[in-house]
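Descriptive structure summary
In case you want the letters, here they are:
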Amino acid sequence: MNDDTVIMVRELRRSYRGGGAAFEAVGGIDLEVRRGELYALLGTNGAGKTSALEVIEGLAPATGGTVRVLGLDPYTEAPRLRPRLGIMLQEAGFSDDLTVEETARMWAGTLTTPRPVAEVLAEVDLQDRRPVRVGSLSGGERRRLDLALALLGGPEVLFLDEPTTGLDPESRHAAWRLIRRLLDAGTTIMLTTHYLEEAERLADRIAIMQGGRIATAGTLAEIVADQPARIEFDRPAGDLPRLPGVSLSDSGARVLIETGRLQVTLTALLHWAGDRELTGLSAQSASLEQTFLAVAGGGAGRAAAPVPTAGRSTAEPRRVDTQEVSR
């Protein structure tokens, strides 16, 4: 583990026992997260990402393999590591009877060197909601409070589990701006999300889990490299163009072209069209959604590369007792 590696996972396995049989939720995954980058761990419900993340956060022991965060075992060395981490769970389980400010001050009391409560609440735009009871907050406001509590300790490493679920578009973009500021300040972030646009916009590197394993991993460009770009337009009268090296589908109403060379194909299409208007024309590069759906459907994704050594849900909510998080 070199100085640039903040999170190192080797052959991580996690199994559950029920009815005498063991179920392996995480089947031997490898990953590394570098200092100052955002690493997105994606997957469908049941893919194993939450089970893996709980081990990396130190909330559960591994069945097998090795996990190190900032050079420490996150489970057995939790008292040493915890002050350097921020964890935003899918649901924190705080008392509905406390106000926003009371909740934040209570949480600050569990931290070694907390930041000023008013400053952090202002960062997530909750300064005007300080006297409001948590039970009266909207779902989006609760998520912003969860984020504030994760930031109170000024963490070196921040875990964000579905951070923008329930937020309206304006609040989601505000959260993204805050996350970018944290990255610019050197915070290392590990993110899970079902908003693929969120991962596309924020992540330096992405891994997609399926069946307890990492099906594909890399930068966004690397992950989508095997997927075609798409060009669509309304079906014009007459013959369609002959474009070599592409897949062309004609539904009678719309034409879909899939290509590995978007600019070349689009140029040839427009040359063919000449002065003819192609109505409903759209062109889109390969997307993370295409790769995600291919993996979820059992299609071949980009195989996870060997772990580098240098270099930037709708799942059931996890409820964790506040004492466990702060231990």
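Quantities reported herein were computed from a predicted structural model and do not represent experimental measurements. (Residues numbered from 1 in each chain as written. Predicted model: local features only at pLDDT ≥ 70, side-chain atom pairs only at ≥ 80, totals over all residues. Heavy atoms only, no water.)

Some details on the packing of aromatic side chains
Note the following rule: Stacked, edge-to-face and tilted labels apply to pairs of Phe, Tyr and Trp rings (six-membered ring for Trp) whose centres lie within 6.5 Å, assigned for plane angles under 30 degrees, over 60, and everything in between, in that order. Helix and strand labels come from DSSP, where a helix needs a run of H or I of at least four residues and a strand needs a run of E of at least two; each type is numbered from the N terminus. Definition used: whenever NZ (Lys) or CZ (Arg) falls within 6 Å of the ring centre and also within 35 degrees of the ring normal, the charge is taken to sit over that ring.
All told, the structure shown has one aromatic pair when counted by the stated rule. Seen in terms of ring centroids, F94 and W107 are 5.7 Å apart; in terms of plane orientation they differ by 85 degrees. Their pairing is edge-to-face. One end of the pair, F94, is in the loop between strand 5 (85-88) and helix 3 (100-108); the other, W107, is in helix 3, and 13 residues separate them in sequence. Sitting over the face of the ring of Y195, R172 holds its NZ or CZ atom 4.0 Å from the ring centroid. A cation over a ring is seen here: R276 above W272, with NZ or CZ 4.4 Å from the ring centre.

Some words on a negative patch on the surface
We apply this condition: Only residues whose relative accessible area exceeds 30% and that form no salt bridge enter a patch; like-charged residues are grouped when within 9 Å of one another, and nonpolar side chains (Val, Leu, Ile, Met, Phe, Trp, Tyr) when within 5 Å. The Shrake-Rupley method, run with a 1.4 Å probe sphere, supplies the accessible areas, and residue values consider only the shown protein chains as cover. A pairing counts as a salt bridge when a side-chain nitrogen of Lys or Arg comes within 4 Å of a carboxyl oxygen of Asp or Glu. Working convention for charge: Lys and Arg count positive, Asp and Glu count negative, and His plus the chain ends are omitted. Every charge is mapped to an atom, namely NZ of Lys, CZ of Arg, CG of Asp or CD of Glu. Burial classes follow relative accessibility: with a 1.4 Å probe on protein chains only, a residue under 20% of its type's maximum area counts as buried, one over 50% as exposed, and anything between as partly exposed.
Among the surface-exposed residues, D125, D128, D168 and E170 lie close enough to one another that they form a single negatively charged patch. Mapped onto the secondary structure, D128 falls in the loop between helix 4 (117-123) and helix 5 (139-151). The exposed category is assigned to D128, whose relative accessible area is 66%.

Looking at the environment of I7
Among the structural elements, I7 can be located in strand 1 (residues 5-18). For I7, a relative accessible area of 0% puts it in the buried group. Along the primary structure I7 and E37 are separated by 30 residues, whereas in three dimensions their C-alpha atoms are 11 Å apart.

Topic: the sheet that holds strand 12 (residues 254-259)
Note the threshold: Strand pairing follows a simple DSSP-based rule, namely that at least 2 bridges must link the two strands. Axis geometry follows a simple rule: fit a line to the C-alpha atoms, using only the stretch in contact for helices, then measure angles between N-to-C directions, giving values from 0 to 180 degrees. Should any heavy atoms of two residues lie within 4.5 Å, those residues are counted as being in contact.
Here four strands make up an open sheet; going across it, the order is 11-12-10-13 and the pairing antiparallel. Two strands bound the open sheet, and with one partner strand each, they are strand 11 (247-250) and strand 13 (282-284). With direction set aside, neighbouring strand axes in the sheet form an average angle of 15 degrees. Here three bridges tie strand 10 (residues 229-234) to strand 13, and the two strands are oriented antiparallel to one another. Considered in strand 13, the bridge of E232 is made with S282. Across the sheet, helix 9 (residues 262-273) lies against strand 10, strand 12 and strand 13, angled at about 20 degrees from strand 10, the strand it touches most.

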